[in-house]
Amino acid sequence: MLLRLPTSLSEARRCLAEGAVPVGGATLVWAQWQRDGFPEQAMSLRRLPEATVVDGETLGAAVLLHQIDDRVPEVLRRAAASIGTGAVRRTATVGGNIVGSTLRCLLPPALVLDARATVMDGDGTYEAELAEVVAKRPLMLGIRWRRPLVSAYHKAPGDVGGPPPLVVATAVHAEQDGGRQLFTAVRDGDDVVSGSVPATADPGRVLDALEGTALGRLPGEKRDVVRREVTDILVRAGG
């Protein structure tokens, strides 16, 4: 297998056109390749500047999970730190987790940050909704988000080999009209559901409004966890 390491977007597009298979840390495909055979060409984005950036509003797809630090919002940092073992986090990438993994541990944090993905095809780069990225699995270069006022992440305890543990991500954003908006996303099993409502000064009204979103269809005990996390983030935001 030839591993190609493009250093520019034009070179990456050429690799795609020539049949190179995008691969990050290969943590999700290595066993499959050993079983089914290796591709003739693979492509890693680890030398592509657009895919390796880490700052307060951008995270590249080729960034390793252990490289996610306090430059990014709390919700993303805590989510990355909770994924797998230290060995996994030193190998797995942001793009692999969001696009390649069925668990998508970083998807709820990205959703509450109101993030969009930068993706690439044979014609160039463009922005896409995260739902489109998860469904169509294009080559993702990174995600960009709005800076939140405050964010938080909760992951329930889970058993090794058991079902995916419940994840609740929350964030409060300032809006241009002077108001505030609460974003909440939950991973329940293999599904991710989210909702957004105004973050008013009355927590009870905020919680009631959330019941009218997709989050209101969660089982009762999981809704209780969501209500607790939302109440906590509203207190931190001063709402």
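In case you missed it, the structure is sitting above this.
Residues numbered from 1 in each chain as written. Predicted model: local features only at pLDDT ≥ 70, side-chain atom pairs only at ≥ 80, totals over all residues. Heavy atoms only, no water.

**Description of the sheet that holds strand β3 (residues 41-43)**
Consideration 1: In space, the three strands of this open sheet follow the order β1-β3-β2, with parallel pairing throughout. Both edges of this open sheet fall to β1 (2-4) and β2 (21-22), since each of them pairs with a single strand only.
Consideration 2: By the bridge criterion, three bridges tie β1 to β3 in an arrangement that is parallel. By the bridge assignment, Arg-4 is partnered in β3 with Met-43. (Pairing = 2+ DSSP bridges. Helix = DSSP H or I, 4+ residues; strand = E, 2+ residues; numbered from the N terminus.)

**Some points on the sheet that holds strand β5 (residues 116-121)**
Consideration 1: Overall, antiparallel pairing links the four strands, which are arranged β4-β7-β5-β6 in an open sheet. Lying at the two open borders of the sheet, with one neighbouring strand each, are β4 (58-60) and β6 (124-128). The mean inter-strand angle of the sheet, taken between neighbouring strand axes irrespective of direction, is 25°.
Consideration 2: Two strands pair when backbone bridges link them, and β5 and β6 are joined in this way by five bridges, in the antiparallel orientation. Looking at the pairing, Ala-117 lines up with Ala-128 of β6.
Consideration 3: Of the strands in this sheet, β5, β6 and β7 (139-144) are in contact with helix α1 (residues 9-17), which crosses β5 at around 60°. (Axes fitted to C-alpha atoms, helices over the stretch in contact; angles between N-to-C directions. Contact = heavy atoms within 4.5 Å.)

**Brief notes about empty space enclosed by the protein**
Consideration 1: Overall, the coordinates contain one cavity of 30 Å³ or more when judged by the stated rule.
Consideration 2: As a volume, the largest cavity reaches approximately 60 Å³.
Consideration 3: Lining the largest cavity we find Leu-207, Leu-210, Glu-211, Leu-215, Gly-216, Leu-218, Arg-223, Val-226 and Arg-227.
Consideration 4: Among the elements that line the lining of the largest cavity, the one with the most residues is helix α9 (residues 220-237), at three residues.
Consideration 5: Split into classes, the residues belonging to the lining of the largest cavity amount to five nonpolar, one polar and three charged. (1 Å grid on protein atoms, 1.4 Å probe; cavity = no way out; pocket = protein on both sides within 12 Å on 5 of 7 lines; lining within 4 Å. Points joined across faces, edges and corners; volume = space filled by probe spheres on them. Nonpolar A, V, L, I, M, F, W, Y, C, P; charged D, E, K, R; others polar.)

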